[in-house]
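Overview (structure and organization)
Next come the chains, spelled out residue by residue.
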Amino acid sequence: MLNDIALGRYFPGNSLLHRLDPRIKIVLLFLFLAIIFLWVNSLVYLALGSMTAALIFTAKIPLRMVATSLKPLWWIILFTFLLHFFGTEGEGIFQLGSLTATWEGLKQGGLITFRLALLIILSALLTFTTDPLALTDAIESLLSPLKRFGVPAHELAMMMTIALRFIPTIIEETDRIIKAQESRGADFTTGNILTRVKNFVPILVPLFIAAFRRADDLATAMEARCYRGGEGRTRLRRLQLGRLDYTACGVSALIVGGIFLLTQWGII
Amino acid sequence: MNIIEISRLTYVYAAAKENTPALNGINLNIGEGEFVAIVGANGSGKSTLARHLNALLLPTEGTCKVMGLDTARPENLWDIRRQVGLVFQNPDNQLVAAIVEDEVAFGPENLGLPPAEIRLRVDKALQAVGLTEQLHFAPHLLSGGQKQRLAIAGALAMEPKCLVLDEATAMLDPQGREEVMQVARDLREQGLTLICITHFMEEAALADRVVVMHQGKIVAQGTPKEILAATDLAKWGLEPPLATEIADRLRRRGLNLPRGICREDELVATLCP
Ligand SMILES: Nc1ncnc2c1ncn2[C@@H]1O[C@H](COP(=O)(O)OP(=O)(O)OP(=O)(O)O)[C@@H](O)[C@H]1O
Ligand SMILES: [Mg+2]
């Protein structure tokens, strides 16, 4: 169950989006997020929505997963919609107590909801189509110019890698401890909150002790293999920009430029 | 030529009660290409010794030299660590990366080698331990034996002169243990110096030389025949290998077996010539 959360988000594939350099993906994602924030305009959203749909389709991401990515923010989306639906001045549709739902509210609420959904889905597309390790490399690479300002780019990436490596191990271990405690009669599913929390202590304590021992062992093992931080370290896999990446940047620039000009000229 | 030269090495842990030394006046030389097994009861100082061999610990007194380089000199540190690969007991706690090839690449990456060279070393190391097929696996999907072989590959990618296995088989099932020992033996055939710390006398019986440690001291050393099959291991808290034990019992029952049997194949060969 926990496993799905940690690792089930990446869908291996060979689509355009999959083959794009992860750094370019991150940069373009931020570009489009910015556009969505800056232009509240239904035609812009329609264009970007179609683009997102096309990307989802070509990357063969199951629609069910796209819906799942919206789930954690479901309530916020609903709340925002209702706030606009009832909170906007205009021609009334119906009355709910002292609140009036308006046509203008419906339009505004719909727009904002669509915008939120677009933001979330675009961000989710990044993790759906990028191997977490490539993502780590990309973050290290993008942050490395900030090193001279004290941003620990290499250390952050190393932490992410180690987390990726140990999440499954620690989940397995948690499972094992739970089973061990259950076999001795521990009960994690009944009783009030207080008893249940109390019952979790015998799981957390061994888990923490093991985690510290692990950290210690791992540090020793890394040191034994000449690890001395990011200084002078090279990588097996090097990120390298290709034709596809330049094309993607070009196309994105055209889209952004197009939107900018059209809004400047008052066409949309 | 000696790869390892240890003389009068004493080590006291900072946290040790009453300053009891974990190692007490160790003298040990290990030659190039040798296969040495170190045995001893729990707490006899085996791991402490292993950690001196690649400068994870530095002697409190005495000296430890690797390929003629003194481990106490900071400028030798990285040369020593690339010459001596260390593999630890717990397969889950020594793998750093989230996929197999990155794990093997970790050491060479730390050495700052060019990517093409790293690629070559990764492929070669994985081939040597028989994990080529698992190149893109996540380590947690491997069996215990495979994890330890991966750890060995990680050490091999540094192209060390000497490999130290600190109870690398202790947490494995018999099959995993067999896999790891097979890899270790193959590497040894190719000329790697192998130091194998173990609680399994069957593994020690494969070595050229067995070193027995007891309370921070080396109390005996010699060929497996001399040590495992002839001396009184019980006084150091050790048991003889199964083959020796069986041979002894058969001898007591009146069977005329030669002394010095310590490997299963020797026992079989003697019983069914
Ligand atoms: N970090 C430490 N701080 C203080 N004392 C330690 C530390 N590590 C080990 N010791 C002590 O040093 C002695 C030797 O320990 P060491 O781990 O080298 O033994 P070992 O032969 O490897 O035992 P085992 O077979 O259990 O692995 C023991 O008495 C142990 O209690
Ligand atoms: Mg030990």
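A brief structural summary. (Residues numbered from 1 in each chain as written. Chains lettered and ligands numbered in written order. Predicted model: local features only at pLDDT ≥ 70, side-chain atom pairs only at ≥ 80, totals over all residues. Heavy atoms only, no water.)

Here's the deal with the overall build of chain A
Quick reminder of the rule: In this text, helices come from DSSP runs of H or I with a minimum length of four residues, and strands from runs of E with a minimum of two, each type numbered from the N-terminal end. Based on C-alpha atoms, the radius of gyration is set beside the globule rule, defined as 2.2 Å times the residue count to the power 0.38. Partly exposed residues are those whose accessible area sits between 20% and 50% of the maximum for their type, while under 20% is buried and over 50% is exposed, using a 1.4 Å probe and protein chains only. Using a 1.4 Å probe, the Shrake-Rupley method yields the accessible areas, and only the shown protein chains count as cover for residues. When charges are counted, neither His nor the chain ends are considered; positive counts come from Lys and Arg and negative counts from Asp and Glu. Lysine's charge is taken at NZ, arginine's at CZ, aspartate's at CG and glutamate's at CD.
Counting its secondary structure elements, chain A contains eleven helices and two strands. Put simply, chain A runs from its N terminus to its C terminus through helices and strands in the order α-α-α-α-α-α-β-β-α-α-α-α-α. What you see for chain A is a C-alpha radius of gyration of 24 Å, clearly larger than the 18 Å of a compact globule of 268 residues, by over 25%. Overall, the C-alpha framework of chain A stretches about 65 × 55 × 35 Å when taken along its three principal axes. Relative to its 268 residues, chain A shows a buried fraction of 37%. Summed over all atoms, the accessible surface of chain A reaches about 16,100 Å², with 69% contributed by carbon and sulfur. Between the averaged position of the 26 positive side-chain charges in chain A and that of its 19 negative side-chain charges there is a distance of 5 Å.

Section: the packing of helix H9 (residues 242-252) of chain B against helix H10 (residues 264-271) of chain B
All names here are of chain B. Convention followed: Fitting a line to C-alpha atoms yields each axis, with helices limited to the stretch in contact; the angle taken between N-to-C directions then spans 0 to 180 degrees. Oblique is the label for any angle not covered by the other classes, which are roughly parallel (under 35 degrees), roughly antiparallel (over 145) and roughly perpendicular (65 to 115). A contact between two residues is defined here by any heavy atoms of the two lying within 4.5 Å. Residues are grouped as follows: Ala, Val, Leu, Ile, Met, Phe, Trp, Tyr, Cys and Pro are nonpolar; Asp, Glu, Lys and Arg are charged; every other residue, Gly included, is polar.
In contact at an axis separation of 8 Å, H9 and H10 are set at 30 degrees when each is read in the N-to-C sense. Between H9 and H10, the interaxial angle falls into the category roughly parallel. Residues Ala-243, Ile-246, Ala-247 and Leu-250 of H9 form the contact with H10, whose own contacting residues are Glu-264, Leu-267 and Leu-271. Per-class residue counts for the contact of H9 with H10 are six nonpolar, no polar and one charged.

Let's talk about the nonpolar core
Which entries qualify depends on this criterion: Nonpolar core, defined: a set of buried Ala, Val, Leu, Ile, Met, Phe, Trp, Tyr and Cys residues in which side-chain atoms within 4.5 Å join the residues together.
By size, the foremost hydrophobic cluster in this structure holds 54 residues, and its most contacted members are Leu-126, Ile-152, Leu-163 and Leu-228 of chain B. At six residues, the largest contribution of residues to this core is made by helix H5 (residues 144-156) of chain B.

Points about the site of ligand 1
All names here are of chain B. What counts, and what does not: The near set for a molecule or strand comprises every residue that places at least one heavy atom within 4 Å of it. N or O atoms closer than or at 3.5 Å make up a polar contact, with two conditions inside protein: a donor-capable atom paired with an acceptor-capable one, and, for residues adjacent in sequence, both atoms drawn from side chains.
Taken together, Tyr-13, Ala-22, Ala-41, Asn-42, Gly-43, Ser-44, Gly-45, Lys-46, Ser-47, Thr-48, Glu-167 and His-199 are the residues near ligand 1. Measuring from an oxygen atom of ligand 1, one finds a backbone N or O atom of Ser-44 at 3.2 Å. At 2.7 Å, a side-chain N or O of Ser-47 approaches an oxygen atom of ligand 1. Taken by itself ligand 1 offers 630 Å² of open surface, and the protein chains cover 60% of this. Here the shell around ligand 1 is built from residues that sort into three nonpolar, seven polar and two charged.

Focus on the sheet that holds strand S6 (residues 84-87) of chain B
Residue and element names in this part refer to chain B. Our working definition: Strand pairing follows a simple DSSP-based rule, namely that at least 2 bridges must link the two strands.
Taken together, six strands build an open sheet; the order of strands is S6-S7-S8-S3-S9-S10 and the sheet is mixed. Strand pairing shows two members of the sheet lacking a second neighbour, S6 and strand S10 (217-222), which therefore form its edges. The mean inter-strand angle of the sheet, taken between neighbouring strand axes irrespective of direction, is 20 degrees.

Some thoughts on the packing of aromatic side chains
Where we set the bar: The pairing test for Phe, Tyr and Trp rings, Trp by its six-membered ring, is centres within 6.5 Å, and the orientation test on the planes gives stacked under 30 degrees, edge-to-face over 60, and tilted for anything in between. Whether a charge sits over a ring depends on NZ of Lys or CZ of Arg being within 6 Å of the ring centre and within 35 degrees of the ring normal.
Under the definition given, this model contains nine aromatic pairs over all chains. Ring geometry for Phe-85 of chain A and Phe-86 of chain A: centres 5.3 Å apart, planes at 50 degrees, overall tilted. Over the aromatic face of Phe-166 of chain A sits the side chain of Arg-165 of chain A, whose NZ or CZ is 4.3 Å from the ring centroid. Directly above the aromatic system of Phe-200 of chain B lies the positively charged group of Arg-177 of chain B, at a separation of 3.9 Å from the ring centroid.

Notes on the packing of helix H3 (residues 22-38) of chain A against helix H4 (residues 42-58) of chain A
All names here are of chain A. Our working definition: Two helices cross in a left-handed way if the nearer one is turned anticlockwise from the farther one by less than a right angle. They cross in a right-handed way if the turn is clockwise.
Their axes nearest at 10 Å, the elements H3 and H4 cross at an angle of 150 degrees. With respect to H4, the element H3 is oriented roughly antiparallel. Where H3 crosses over H4, the handedness of that crossing is left-handed. Between H3 and H4, the contacting residues are Phe-32, Ile-35 and Ile-36 on the first element and Val-44, Tyr-45, Leu-48 and Met-51 on the second. Its residues assigned to classes, the contact of H3 with H4 comprises seven nonpolar, no polar and no charged.

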